[in-house]
Amino acid sequence: MEHNLWGTAEEGKPLSNSVKKLLGLLLGAKPTDAASRIPAAQIKLSEPRLTDGQLHALENIVGADYVSQDHEQRLRRSHGKSYPDLLDWRTDKVIAAPDAVIAPGTEAEVLEVLQYCSRERIAVVTFGGGSSVVGGVNPVRGEFAAVISLDVNRFTQLEDVDMVSALATLGAGLTGPAAELLLGEHGLQLGHYPQSFPYATIGGYAAARSSGQSSSGYGRFDSMVRALTVVTPQGIMEIGGPAPASATGPDLRQLFLGSEGTLGVITRVRVRIHPIPEVKRYEAFSFRDFKAGVAAVRAVAQQGTGPTVIRLSDDIESSINLSSTDKIGETNKGDSGCTCITMFEGSPEHAKSRHAETRAVLLAHGAKSLGEEPARQWEQGRFGAPMLRDALLDNHVICETLETATDWSNILKLRAAVVEALGVNLPTSPSIVMCHVSHIYPEGASLYFTIISGQSAAPHEQWWKAKAATCRAIVTHGGTISHHHGVGTDHRPYLESEIGSLGIKLLQAAKDTLDPVGIMNPGKLF
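Quantities reported herein were computed from a predicted structural model and do not represent experimental measurements.

Trainee: What am I meant to see in helix H18 (residues 492-514) here?
Mentor: Turn by turn, an α-helix covers 3.6 residues, leaving residues three or four places apart pointing in a common direction. In a regular helix each residue adds 1.5 Å, so 23 residues correspond to 33 Å; H18 covers only 20 Å between its end C-alpha atoms and thus falls short of that length. Where H18 bends most, at Ile499, the angle is about 105 degrees. By the burial criterion, the buried members of H18 are Tyr494, Leu495, Gly503, Ile504, Ala510, Lys511 and Leu514. Those residues of H18 hidden inside the fold are in contact with strand E8 (225-232), strand E9 (235-239), helix H10 (253-256) and helix H17 (459-476).

Trainee: How should I be thinking about the domain arrangement of the protein in this particular structure?
Mentor: Frequently, the measure chosen for interface size is the accessible area that the parts lose on association. Here the domain parsing of the protein yields domain 1 (35-151), domain 2 (158-275), domain 3 (279-382) and domain 4 (385-485). On the domain 4 side, the residues contacting the 14 residues of domain 1 number 15 residues. Of the roughly 1300 Å² buried at the junction of domain 1 and domain 4 (both faces included), carbon and sulfur atoms supply 59%. Counting the surface domain 1 buries against domain 4, the share from its top three residues, Tyr83, Pro84 and Leu87, is 45%.

Trainee: Looking at this model, I keep getting lost on the UniProt feature "active site" (unreviewed entry) in the protein. Mind explaining?
Mentor: In the numbering adopted here, UniProt assigns the feature "active site" (unreviewed entry) to Tyr448. Take Tyr448: it is sitting in strand E18 (residues 444-454). Each residue touching Tyr448, except ones within four places of it in the same chain, is listed here: Thr401, Leu402, Glu403, Met434, Cys435, His436, His484 and His485.

Trainee: I'm lost on the sheet that holds E8 in this one. Help?
Mentor: The strands that make up a sheet pair up through hydrogen bonds in the backbone, lying either parallel or antiparallel. Pairing is antiparallel across the open sheet formed by five strands, whose spatial order is E5-E6-E10-E8-E9. The open sheet is flanked by strand E5 (158-162) and E9, the only strands paired with a single partner. Taking the axes of each pair of neighbouring strands and ignoring which way they run, one obtains an average angle of 10 degrees across the sheet. On top of the sheet, helix H5 (residues 107-120) reaches E8, E9 and strand E10 (265-272); it is set at about 45 degrees to E8, its chief contact.

Trainee: How do you make sense of unusual backbone geometry when you look at a structure like this?
Mentor: Most peptide bonds adopt trans geometry, and most residues besides glycine take a negative phi value. Although it is not a glycine, Glu260 sits at a positive phi angle of roughly 55 degrees. Inspection of the secondary structure assignment puts Glu260 in the loop between H10 and E10. Look at Glu260 and you get buried, because its relative accessible area is 12%. Here His396, not a glycine, exhibits a phi torsion of approximately 60 degrees, which is positive. Assessed through its relative accessible area of 49%, His396 is described here as partly exposed.

Trainee: Any chance you could explain the nonpolar core here in plain terms?
Mentor: Grouped burial of nonpolar side chains is what soluble globular proteins tend to show. In terms of nonpolar packing, the biggest core is built from 47 residues, with Phe290, Leu312, Trp408, Val437 and Ile440 touching the most fellow members. In terms of residue count, the dominant contributor to this core is helix H11 (residues 290-303) (eight residues). The residues touching Ile440, leaving out its near neighbours within four places in the chain, are Ser216, Val297, Val300, Ala301, Ile310, Trp408 and Ala445. If you look at the next biggest cluster of nonpolar residues, it comprises 31 residues, including Leu174, Ile202, Leu257 and Leu263.

Trainee: Would you explain the pattern of salt bridges in this entry?
Mentor: Charged atoms that come close allow side chains of opposite charge to pair. As enumerated under the stated definition, the model contains 24 salt bridges in all. Note that Arg220 and Asp222 form a salt bridge whose closest N and O atoms lie 3.4 Å from each other. Residue class for Arg220 comes out buried when judged on its relative accessible area of 14%. For Glu283, the salt bridge is made with Arg359, and the minimal N-O distance between the two is 2.8 Å. Of the two residues, Glu283 is situated in strand E12 (residues 279-287) and Arg359 in helix H13 (residues 348-364); the sequence distance between them amounts to 76 residues. When its relative accessible area of 6% is taken as the criterion, Glu283 is described as buried. A single salt-bridge network, built from bridges that share partners, covers Glu2, Glu72 and Arg76.

Definitions and limits used
- Residues numbered from 1 in each chain as written.
- Predicted model: local features only at pLDDT ≥ 70, side-chain atom pairs only at ≥ 80, totals over all residues.
- Heavy atoms only, no water.
- Helix = DSSP H or I, 4+ residues; strand = E, 2+ residues; numbered from the N terminus.
- Expected span 1.5 Å × (residues − 1).
- Bend = angle between axes of the 7 residues up to and from the residue.
- Buried < 20%, exposed > 50% of the residue type's maximum accessible area, 1.4 Å probe, protein only.
- Contact = heavy atoms within 4.5 Å.
- Domains from an automatic or database assignment.
- Buried area = accessible area lost by both parts, 1.4 Å probe.
- UniProt positions renumbered as here; feature names shortened; annotations may be inferred.
- Pairing = 2+ DSSP bridges.
- Axes fitted to C-alpha atoms, helices over the stretch in contact; angles between N-to-C directions.
- Core = buried A, V, L, I, M, F, W, Y, C linked by side-chain atoms within 4.5 Å.
- Salt bridge = Lys/Arg side-chain N within 4 Å of Asp/Glu carboxyl O.

Here is the structure:
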């Protein structure tokens, strides 16, 4: 990705006439095609603080070709992809950057780097795809002499495939598409498709407890992980036993899944894999309102009818056509109400039976079929929506997402609380707050919000005020502070309210054991 875009310049999506009209009608904005991006060479970065001796020592560990203080290299590892991150690139502020970028090629090199940095009190931030939207990869120096970005993108091998047991070992630096291409040569797939799929890495999936758009069929990424290799400052750990399940004490995998680089560097992940499906089936539905749609989706989850994808948009998201990237802002040609997308994968017989069973449940709850086309359009454009953020930011429009999860009995109350918090705290103009239900479970589901609003004269302060109010609303009304975006720096103040002070002490004890100096991604998670 470009440092100041969600994707690449070639993937950019200029605002369509329908989007420009929408912004004018709802926000009073007058969008143009002019970009407000500062050229990379003109962006001011913090001065490197590594000494020549420290730089040469790191070069001796991994080789001079794999250590860089180049402006472009430091620039690209300075931020993730949240709205405040992307906003920073459009100001003249000095960006806090890593003092160097280092790319080890083996676990032994990673260990030596971490041990050297512990002795020298140099902070280490692991970097994969850089798609964090919660400040997870931003280099926090804190009390340390310097901070480096440790890039895992030399760990890109498909190391083994067990066709009988349906397991494969993937390098942590593999991107989602690269992993699927390698598995595809064996007729297999991982089937994990988060919004960040084109750029996020296998290690990042594990470190942030990623959840993909096909989670209803294949589960969250943490449920796919059989074993991990993690390099900590105290040594290399192979985590995950020789059997599919075990009763040999607490499952240590869960300590590192979601650890966000604060305990060690994930270098490889052994995962459960699946045959590439023979067929896909699609159907979209419409519900009269969000409450009716939620009841229907809950019935699908609790009856276990087995869609690979099921996603329910509220009336605002449905009317704006957000699920169809190429038609955002156009009038929805379907009935007014809430759109539900479904997709089914597998053998012809299995996909057909699950489609029929899910369809029957949805229709029994008042759904009206919209046919295949809306679901196919969603699949074709599902990774393209974030690119629109870039054009909106260029036109001084806030565009950001946030997410939570809760039990079915609390879904409607939590959604209302989040919408109210955002509406009250983004007062400069009317705000568009859209929501969809996805990642369903028998007991509850994720709520995913997309926010579009006009920028104030102080856009950073404007957003952080609204984000803080929303986080407090989520905590107060029984939601998790994050279902799959993670904690990073943005959600760290709210973690204790979810896991308790003793939980924080437990995490700190683990860190003190594995990273006694505290160099691993300081300032994040807890």
